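Tertiary structure, described
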Amino acid sequence: MGVPFEALLPFGIIIGSLTAGAGGIWAVKYYANGWKQPRWNLDLWDRQST
(Lines give C-alpha, C1' and ligand atoms only; values in the text may rest on other atoms or scores of the structure.)
Protein backbone atom coordinates (compact mmCIF):
# COMPACT_ATOMS: atom_id res chain seq x y z
CA MET A 1 0.00 0.00 0.00
CA GLY A 2 1.46 3.32 -1.07
CA VAL A 3 1.42 6.67 0.65
CA PRO A 4 -1.22 9.04 -0.72
CA PHE A 5 0.32 12.11 -2.31
CA GLU A 6 -1.88 14.39 -0.18
CA ALA A 7 0.19 13.34 2.83
CA LEU A 8 3.39 14.51 1.13
CA LEU A 9 2.14 17.96 0.04
CA PRO A 10 2.98 19.68 3.36
CA PHE A 11 6.53 18.33 3.15
CA GLY A 12 6.85 19.65 -0.39
CA ILE A 13 5.59 23.06 0.71
CA ILE A 14 8.02 23.17 3.64
CA ILE A 15 10.99 22.11 1.50
CA GLY A 16 10.03 24.60 -1.21
CA SER A 17 9.73 27.42 1.32
CA LEU A 18 13.11 26.63 2.85
CA THR A 19 14.72 26.46 -0.59
CA ALA A 20 13.20 29.78 -1.66
CA GLY A 21 14.24 31.40 1.61
CA ALA A 22 17.82 30.17 1.36
CA GLY A 23 18.01 31.33 -2.25
CA GLY A 24 16.69 34.74 -1.24
CA ILE A 25 19.23 35.11 1.54
CA TRP A 26 22.03 34.12 -0.84
CA ALA A 27 20.83 36.66 -3.43
CA VAL A 28 20.65 39.49 -0.88
CA LYS A 29 24.15 38.72 0.44
CA TYR A 30 25.49 38.52 -3.13
CA TYR A 31 23.87 41.85 -4.08
CA ALA A 32 25.00 43.60 -0.88
CA ASN A 33 28.62 42.55 -1.48
CA GLY A 34 28.86 44.25 -4.88
CA TRP A 35 27.93 41.20 -6.99
CA LYS A 36 30.80 39.16 -5.51
CA GLN A 37 30.84 36.09 -3.29
CA PRO A 38 30.80 36.88 0.45
CA ARG A 39 34.16 36.79 2.21
CA TRP A 40 34.91 34.84 5.38
CA ASN A 41 37.42 35.38 8.19
CA LEU A 42 38.29 39.00 7.51
CA ASP A 43 41.51 40.04 9.19
CA LEU A 44 42.24 43.33 10.99
CA TRP A 45 43.38 45.05 7.79
CA ASP A 46 40.04 44.37 6.09
CA ARG A 47 38.01 45.41 9.13
CA GLN A 48 39.66 48.82 9.58
CA SER A 49 38.26 50.19 6.32
CA THR A 50 34.63 49.71 7.39
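Looking up the protein in an unreviewed UniProt entry gives the name NADH dehydrogenase [ubiquinone] 1 alpha subcomplex subunit 1, with the organism given as Aspergillus aculeatus. Regarding the protein, the UniProt comment filed under Subcellular location (unreviewed entry) reads as follows: "Mitochondrion inner membrane".

A count of helical and extended segments in the protein gives two helices and zero strands. Relative to the compact-globule value of 10 Å for 50 residues, the protein shows a C-alpha radius of gyration of 19 Å, a clear excess of over 25%. When the backbone C-alpha atoms are referred to their principal axes, the protein occupies close to 65 × 20 × 15 Å. A burial count over the protein gives 0% of its 50 residues as buried. For the protein, the exposed surface amounts to about 4900 Å²; the carbon and sulfur share of it is 70%.

On to the packing of aromatic side chains. Inspection of the entire model under this criterion finds three aromatic pairs. With a centroid separation of 5.0 Å and an interplanar angle of 15 degrees, the aromatic rings of Trp26 and Tyr30 are classed as stacked. Separated by four residues within a single helix, Trp26 and Tyr30 lie in helix H1 (residues 5-32), roughly one turn from each other. With a centroid separation of 5.1 Å and an interplanar angle of 75 degrees, the aromatic rings of Tyr31 and Trp35 are classed as edge-to-face. Its relative accessible area of 55% is what places Trp35 among the exposed residues.

What follows is about unusual backbone geometry. One non-glycine residue, Trp35, lies in the positive phi region at around 60 degrees. By the element assignment, Trp35 lies in the loop between H1 and helix H2 (44-47).

As annotated by UniProt and renumbered to match this structure, "transmembrane region" (unreviewed entry) occupies residues 12-32. Between the C-alpha atoms that bound residues 12-32 the distance is 30 Å, and the span itself is 100% helix and 0% strand.

Conventions used here
- Residues numbered from 1 in each chain as written.
- Predicted model: local features only at pLDDT ≥ 70, side-chain atom pairs only at ≥ 80, totals over all residues.
- Heavy atoms only, no water.
- UniProt positions renumbered as here; feature names shortened; annotations may be inferred.
- Helix = DSSP H or I, 4+ residues; strand = E, 2+ residues; numbered from the N terminus.
- Rg over C-alpha atoms; globule rule 2.2 N^0.38 Å.
- Buried < 20%, exposed > 50% of the residue type's maximum accessible area, 1.4 Å probe, protein only.
- Areas by Shrake-Rupley, 256 points an atom, 1.4 Å probe, with all protein chains shown as cover.
- Phe/Tyr/Trp six-rings, centres within 6.5 Å; stacked < 30°, edge-to-face > 60°.

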